[in-house]
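# Residue-level structural notes
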Amino acid sequence: MSKILVLYYSSYGHLAKMADAVAEGARSTGAVVDVRRVPETAPFEVAQAAGFVADHSHPVLEDVNELANYDGILVGSPTRFGRMSSQMASFWDRAGGVWYQGLLNGKVGGAFTSTATQHGGQETTLFSIITNLLHFGLTVVGLDYGFQGQGGVNEVKGGSPYGATTIADGDGSRQPSEVELEGARYQGRKVAELANKIAVPNRETETA
């Protein structure tokens, strides 16, 4: 089975919950899954003034070289004006050596995000993450329409063919809905299923 990393950054806890759901979906395939967060880069006084919620849900992944230990990587970041957060971008900006050595080529990836509103940059943020994943050589898996929960207008909901999403509201009061969490589980499962088929055989061939 594959080894999957769910890597996220969360200021207010929404992405931590989505990461857990992504991991749950990946584990349903038999994959071994680690959930890690990237280091906080905002100064303490800035984070405190903005009301950031201290995130102790999962350990911090400090060493970018550990990315190479995984067959699949799902990356979750809240939007910052239509792109991934600086915390997540900073982590990947330190991974030039991983890119140069091609250590992630042929692996499987996916993106998930949260925004304050339905039109707050969900898809552009996903694309900013996906762009990084493609440059690092990963095959990207979105949230295909096999997950039909992302359709319909009966309720406010996140979800995009490019990845699982949630909507936090401007004050962060809205938590991920069951539909949104189910979308995250679906995407996590799809990434792990593909990693089982293509990334694991590649790894076993390279180490044989």
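Residues numbered from 1 in each chain as written. Predicted model: local features only at pLDDT ≥ 70, side-chain atom pairs only at ≥ 80, totals over all residues. Heavy atoms only, no water.

Right, let's talk about helix H3 (residues 86-93) for a bit. Every buried residue belonging to H3 is among Gln87, Met88, Phe91 and Trp92, and all of these are buried. Projected onto a plane normal to the axis of H3, the buried residues spread over an arc of 130 degrees and lie on a single side. On its buried side, H3 packs onto strand E1 (3-8), strand E3 (72-78), helix H4 (96-100) and helix H5 (122-135). (Buried < 20%, exposed > 50% of the residue type's maximum accessible area, 1.4 Å probe, protein only. Helix = DSSP H or I, 4+ residues; strand = E, 2+ residues; numbered from the N terminus. Arc of directions from axis to C-beta. Contact = heavy atoms within 4.5 Å.)

All chains considered together, the criterion is met by 6 aromatic pairs. Summarising the aromatic geometry, the rings of Tyr12 and Phe52 are spaced 5.5 Å apart at their centres and angled 85 degrees between planes, so their arrangement reads as edge-to-face. Within this pair, whereas Tyr12 is found in the loop between E1 and helix H1 (14-27), its partner Phe52 is found in the loop between helix H2 (44-49) and E3, the two being separated by 40 residues in sequence. By relative accessible area, which is 23% here, Phe52 ends up partly exposed. A ring pair is formed by Trp92 and Phe136, whose centres lie 4.9 Å apart and whose planes are at 70 degrees; its orientation type is edge-to-face. Here Phe136 lies in the loop between H5 and strand E5 (139-140) and Trp92 lies in helix H3, a separation of 44 residues in the sequence. Like Phe136, Trp92 is buried. An aromatic cluster is built from Phe91, Trp92 and Phe136, whose rings are joined through pairwise contacts. It is Lys3 that lies over the ring of Tyr70; its NZ or CZ is 5.1 Å from the centre. (Phe/Tyr/Trp six-rings, centres within 6.5 Å; stacked < 30°, edge-to-face > 60°. Lys NZ or Arg CZ within 6 Å of the ring centre and 35° of its normal.)

Looking at where Glu206 falls in the secondary structure, it is placed in helix H6 (residues 178-207). Classification of Glu206 by relative accessible area gives exposed; the value is 66%. Put simply, Glu206 and Ser90 are 116 residues apart on the chain and 30 Å apart in space, counted from C-alpha to C-alpha.

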